[in-house]
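Structure at a glance
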Amino acid sequence: NNFEYDPEFKRWWETQRQRKLNIEKTCQKYGSVLRYKINKANLMYDPNHKLLFCRNAKVGTTTWLQHFLQLSSSNTNFKSSKSLHYRVPLLFPFSKEDPAAKILAETTVSFSMVRHPFERLVSAYQDKIVDNASPGLFSNLVSKYGNFSFTKFVKAILSKGKSKCRRLSHCMMDRHYLPFISRCAYCSVPYAVISKAETFEEDKRFIGAMAGIQFEDIQKHKSSGGGTKELARKYFELLDRKTVDQLFEFYKVDFEMFGYSPEVYQTYAN
């Protein structure tokens, strides 16, 4: 475990410490409303490499699933992203015999990954609606709202938030725009590492070092329309300020917990 003496690792670990302190602070601020028992189906556990992963949709999950597939004894190569997302978690089940998630998180290289909540929404819209990756997923929304602009997409999320997500600990929304806190129970499960899309390569390298593996390079999944930051600007310019503020209010805990700011998006809004 020589990596622990590596100054790069030490600097990275200090960033991790800050990220986890910030989570702790947010959990204390909101109290018991953010504590709940995690749904074990959201976790993947690899006992051979002592890796525990809670996956959030539209946050590098495809890449992580490919890495887990490489670690498995399966020599299947899944043609579609859909089969990858369905089949790979089944290779790494969290079984009844395993210790509770909290205990496992404390004794393994446990991690979860997040990104800017608004960037993620743009990515979900571009991938699932514009590129039509999941026609069935939003068909009910399309039938209700007609031509499915980004503005309508946001309005639909806000209205679903009111009806299906009165409590963040029990939020029955589609996983592609479900708040991070409602999926990975950050106040109940003490992950060793919080990875962010912005620091993905470095995080991946050190998660690998901690688990004693070197992840191979993988072609990243790309949506159409260019980089997400440019797209985010284009789409958020279509929204009015009140809508952006309501959206921020809905994802507020994610923003606070992971140290993101809505400011630049508020300035895009007209």
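Refer to the preceding data block for the structure.
Let me begin by describing the structure that accompanies this report. (Residues numbered from 1 in each chain as written. Predicted model: local features only at pLDDT ≥ 70, side-chain atom pairs only at ≥ 80, totals over all residues. Heavy atoms only, no water.)

**Re the packing of aromatic side chains**
- This structure, assessed with the given rule, holds 30 aromatic pairs.
- Here Tyr 125 and Tyr 235 contribute two aromatic rings whose centre-to-centre distance is 5.1 Å and whose plane-to-plane angle is 85°, an arrangement assigned as edge-to-face. One end of the pair, Tyr 125, is in helix α5 (residues 117-130); the other, Tyr 235, is in helix α10 (residues 228-236), and 110 residues separate them in sequence. An identical accessibility class is assigned to Tyr 125 and Tyr 235; each is buried.
- Geometrically, the ring pair formed by Phe 153 and Tyr 177 is edge-to-face, given 6.0 Å between the ring centres and 85° between the ring planes. With Phe 153 in helix α7 (residues 150-164) and Tyr 177 in the loop between α7 and α8 (181-184), this pair connects stretches of sequence that are 24 residues apart. (Phe/Tyr/Trp six-rings, centres within 6.5 Å; stacked < 30°, edge-to-face > 60°. Helix = DSSP H or I, 4+ residues; strand = E, 2+ residues; numbered from the N terminus. Buried < 20%, exposed > 50% of the residue type's maximum accessible area, 1.4 Å probe, protein only.)

**Considering the packing of α5 against α10**
- Orientation of α5 relative to α10, taken along the N-to-C sense of each, is 90°, at an axis distance of 9 Å. With respect to α10, the element α5 is oriented roughly perpendicular. Residues Phe 118, Glu 119, Val 122, Ser 123, Tyr 125, Gln 126 and Val 130 of α5 lie in contact with α10, whose contacting residues are Thr 228, Lys 229, Leu 231, Ala 232, Tyr 235 and Phe 236. (Axes fitted to C-alpha atoms, helices over the stretch in contact; angles between N-to-C directions. Parallel < 35°, antiparallel > 145°, perpendicular 65-115°, else oblique. Contact = heavy atoms within 4.5 Å.)

**Side note on the pattern of salt bridges**
- As enumerated under the stated definition, the model contains 14 salt bridges in all.
- Its salt-bridge partner being Arg 19, residue Asp 203 comes within 3.6 Å of it at the nearest N-O pair. In this pair, Asp 203 is assigned in helix α9 (residues 200-211) and Arg 19 in helix α1 (residues 7-30), connecting sequence segments 184 residues apart.
- Asp 203 gets classed as buried once you look at its relative accessible area, which sits at 1%.
- We note a salt bridge from Asp 127 to Lys 128, for which the minimum N-O separation is 3.5 Å. (Salt bridge = Lys/Arg side-chain N within 4 Å of Asp/Glu carboxyl O.)

**Quick notes on the state of the cysteines**
- In the structure shown here, the tally under the stated rule is three disulfides.
- Shown here is the disulfide that connects Cys 27 with Cys 187, its sulfur atoms set 2.0 Å apart. Across the S-S bond linking Cys 27 and Cys 187, the dihedral sits near -90°, which makes this disulfide left-handed. Residue Cys 27 is located in helix α1, and its partner Cys 187 is located in the loop between α8 and β4 (193-196); the two are separated by 160 residues in the primary sequence. For the residue pair Cys 27 and Cys 187, the accessibility class agrees, reading buried in each case. (Disulfide = S-S within 2.5 Å.)

**Side note on unusual backbone geometry**
- If you check the backbone angles, Lys 50 has positive phi at about 50° while not being a glycine.
- With respect to the helices and strands, the residue Lys 50 is situated in the loop between β1 (43-46) and β2 (51-54).
- Its identity as a non-glycine residue notwithstanding, Ala 185 has a phi of 45°, on the positive side.
- Positionally, Ala 185 belongs in the loop between α8 and β4.

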